[in-house]
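So you can see what is in the structure, the chains are spelled out below.
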Amino acid sequence: MKSATVQQGLCDFWTRHRLTQGVGVLIALSGGGDSVALLHLLRQIAPRCCLQLRAAHLDHGIRAESARDADFVRQLCGELQVPLTVERLDVPQLARQRGQGLEEAGRELRREFLQRTARQQDCALIALGHHRGDQAETLLMRLVRGSGLTGLAAMRPRNGPFIRPLLTFSRRQIEEYLAAEDHDFVQDASNHDLYYMSNRIRHRVLPELGRLNPKLEESLAALSDRIALEEGFWQQETERALTTLRTVRDGELWLDRPALLALHPALRARVLRQALQELRGNLRGLGAVHIELLEKLLQGATPQAEAHLPAAWVARRYERLWLRAAPPQPATPFSVEITEPGEVSLPDGRSLQFSIEAAPRGETPLAVEFPAGEVTFPLTVRSFRPGDRFHPQGAPGSRKLKEYFIDAKIEREVRYRVPLVEGRQVLWLAGIARCQQWPCREGSGPVLRAVLKGC
């Protein structure tokens, strides 16, 4: 394939994806044929697109020849006058520390290295040398692993800072270009090691399927493109739906359960995935089984239940779904004796103020009054205890406080933070309800007034 044809293809890529000219581009340079072709081609179009090129090479520390590869890219970049960053990592050791397979750890560490180097080199884009054959392999590999439709979109031409200018070219076209231009590159023996799934798919599965369809590579790439197009639509719908039912507070997400249940199951699953993505920053370690677990939380008969996911904790609290990075810390029990008027601080930063007033001033959800002659100091302000009983105002009699909390749909974590004002019995669930006894009437004289502050 002629150099001019490939160069025009790269210029078309820049225009089609509306990439900014005059930016820094970091080239992921392994030294293999694909990345070497990408380096030469970007260097050829750099003057036309005003690109500032940099290169980065990661020595994975896996193969004995890795030092040779690093020397090769140093020499190549020196000849082409392209600034180069080289870093060496012991990927096998890091994979063990992370509890990951070698391929997965290698991909993640390479991605982290490229993003870190791009920031250091002030590069807005990171160019990868993937081609159409890689796209076909990726689709099949994800299909074998049970990926959903989002995963079958495979590699995108642009994903954040990452770009893949060669994705529409076949492996043969790139090899023809390298041969025609007489560009040297290194051969990676591990590309033929059938220990790796990607190599088994490349050297065994794809050739066998190619006998059934000689244009299999093009067909799989076209399928990925169609899925990616539809995924763009689904992403818009997902973000629109999530915006209407999500509340963000202190790094936590609250999702409206009735609104979630009103969504089509396909859209609901995507909304749940997107919520987890926002919470965690990524979806690593999460799969369909975890989304199904959240579905059970939503659909189940238990109004308060929870699920522990990788790097996430999700709980149903009545008509809301609560998403956190980790379970909340249990509230610390507290108990304070009040012997006279004044203000007492609560563990959550609020406070209760007690005073003696000459006449009733009126009750609100945050203020309660009792006849001063009937409710007297000392009082106790404390947290909920199993076995507590309470006679709510307007109720026919006392009942277990736990049952009252359940009927009032007060969330489990909130119950232990509710200040209980207690005299001869529980007088007030501060901010929630007062007891039936000792109401204040007009002209009843001095009153003991309690006010919850800081809400």
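Notes on the structure in this doc start here.

How each quantity is defined
Residues numbered from 1 in each chain as written. Predicted model: local features only at pLDDT ≥ 70, side-chain atom pairs only at ≥ 80, totals over all residues. Heavy atoms only, no water. Core = buried A, V, L, I, M, F, W, Y, C linked by side-chain atoms within 4.5 Å. Buried < 20%, exposed > 50% of the residue type's maximum accessible area, 1.4 Å probe, protein only. Helix = DSSP H or I, 4+ residues; strand = E, 2+ residues; numbered from the N terminus. Contact = heavy atoms within 4.5 Å. Pairing = 2+ DSSP bridges. Axes fitted to C-alpha atoms, helices over the stretch in contact; angles between N-to-C directions. Parallel < 35°, antiparallel > 145°, perpendicular 65-115°, else oblique. Nonpolar A, V, L, I, M, F, W, Y, C, P; charged D, E, K, R; others polar. Phe/Tyr/Trp six-rings, centres within 6.5 Å; stacked < 30°, edge-to-face > 60°. Lys NZ or Arg CZ within 6 Å of the ring centre and 35° of its normal. Lys, Arg positive; Asp, Glu negative; His and termini not counted. Salt bridge = Lys/Arg side-chain N within 4 Å of Asp/Glu carboxyl O. Polar contact = N/O pair within 3.5 Å; in protein donor to acceptor, adjacent residues only side chain to side chain. Right-handed = clockwise from strand over helix to strand, strands pointing away.

### Regarding the nonpolar core
One finds Leu 10, Trp 14, Val 25, Leu 42, Leu 51 and Leu 53 to be the most contacted residues of the largest nonpolar core, which totals 37 residues. Counting residues per element, the ones that place at least two in this core are helix 1 (3-16), strand 1 (24-28), helix 2 (33-49), strand 2 (52-59), helix 3 (66-80), strand 4 (125-127) and helix 8 (171-181). If you tally residues by element for this core, the top one is helix 2, at nine residues. When neighbours within four sequence positions are excluded, Trp 14 is seen to be in contact with Leu 19, Thr 20, Gln 21, Val 25, Leu 42, Cys 49, Leu 51, Leu 125 and Ile 163. Grouped together as the second largest cluster of nonpolar side chains are 31 residues, Val 368, Leu 420, Val 421 and Leu 448 included.

### Things to note about the sheet that holds strand 6 (residues 162-163)
The six strands lie next to each other as 3-2-1-4-6-5, forming an open sheet whose pairing is mixed. Looking at strand neighbours, the two that pair on one side only are strand 3 (84-88) and strand 5 (158-159), the edges of this open sheet. Bridge analysis of strand 2 against strand 3 gives five bridges, and the strand direction is parallel. Counted as the bridge partner of Ala 56 is Thr 85 from strand 3. Helix 2 rests against strand 1, strand 2 and strand 4 of the sheet, and its axis sits at about 160 degrees to strand 1. Sheet strands in contact with helix 3 are strand 2 and strand 3, and its direction is about 165 degrees off that of strand 2.

### Regarding the environment of Glu 292
Relative to the assigned elements, Glu 292 resides in helix 13 (residues 288-299). Overall, Glu 292 belongs to the partly exposed group, its relative accessible area being 49%. Put simply, Glu 292 and Arg 202 are 90 residues apart on the chain and 33 Å apart in space, counted from C-alpha to C-alpha.

### Focus on the packing of helix 10 (residues 216-245) against helix 12 (residues 265-280)
One can describe the packing of helix 10 onto helix 12 by two numbers: an axis separation of 9 Å at closest approach and a directional angle of 75 degrees. Here helix 12 runs roughly perpendicular to helix 10, going by the angle between their axes. Residues Glu 231, Trp 234, Gln 235, Glu 237, Thr 238, Ala 241, Leu 242 and Leu 245 of helix 10 touch helix 12, and the partners they reach there are Ala 266, Leu 267, Arg 270, Val 271, Gln 274, Ala 275 and Glu 278. Grouping the constituent residues of the contact of helix 10 with helix 12 by class yields eight nonpolar, three polar and four charged.

### Looking at the packing of aromatic side chains
What the rule picks out here adds up to eight aromatic pairs. Both rings, one in Phe 390 and one in Tyr 404, keep their centres 5.7 Å apart while their planes meet at 80 degrees; by these two values the pair is edge-to-face. Of this pair, Phe 390 sits in strand 17 (residues 389-390) while Tyr 404 sits in helix 14 (residues 401-407), placing them 14 residues apart in sequence. Considered together, Phe 390 and Tyr 404 belong to a single accessibility category, that of buried residues. Its guanidinium or amino end placed over the ring of Trp 254, Arg 320 lies 3.8 Å from that ring's centre, counting from NZ or CZ.

### Describing the sheet that holds strand 19 (residues 420-422)
Strand order in this open sheet of five strands is 12-16-19-20-21, and the pairing throughout is antiparallel. Looking along the sheet, the strands with just one partner apiece sit at the ends: strand 12 (335-338) and strand 21 (433-434).

### Describing the side chain of Arg 415
As for its placement among the helices and strands, Arg 415 is situated in helix 15 (residues 412-415). There is no salt bridge for the buried Arg 415, and the closest opposite charge comes from Glu 413, which lies 7.9 Å off by N-O distance. For Arg 415, the side chain forms a polar contact with the main-chain oxygen of Ile 410, separated by 2.9 Å.

### Details of the pairing of strand 10 (residues 312-317)
Taken across its six residues, strand 10 has six buried, putting it largely inside the fold. Bridge count for strand 9 (residues 304-309) against strand 10 is six bridges, and the pairing is antiparallel. Looking at the pairing, Ala 305 lines up with Arg 316 of strand 10. Taking the residues that link successive antiparallel strands as the turn, the strand 9-strand 10 hairpin has two residues, and the phi of Ala 311 there is positive, at about 60 degrees. With antiparallel pairing between neighbouring strands as the criterion, strand 10 and strand 11 (residues 320-324) make up a hairpin whose turn holds two residues, including Tyr 318 at a positive phi of roughly 60 degrees.

### Describing the pairing of strand 1
Of all five residues making up strand 1, five are buried, and the element is well covered by its neighbours. Side chains of strand 1 alternate between two faces, with Gly 24, Leu 26 and Ala 28 and Val 25 and Ile 27 buried alike. Bridge count for strand 1 against strand 2 is five bridges, and the pairing is parallel. Paired with Ile 27 across the two strands is Ala 55, which belongs to strand 2. Running through helix 2, the crossover from strand 1 to the neighbouring parallel element strand 2 is right-handed.

### Notes on the environment of Ile 45
Mapped onto the elements, Ile 45 comes out in helix 2. For Ile 45, a relative accessible area of 0% gives the class buried. Put simply, Ile 45 and Leu 10 are 35 residues apart on the chain and 7.9 Å apart in space, counted from C-alpha to C-alpha. Once residues lying within four places of it in the same chain are set aside, the contact partners of Ile 45 are Gln 7, Leu 10, Cys 11 and Leu 51.

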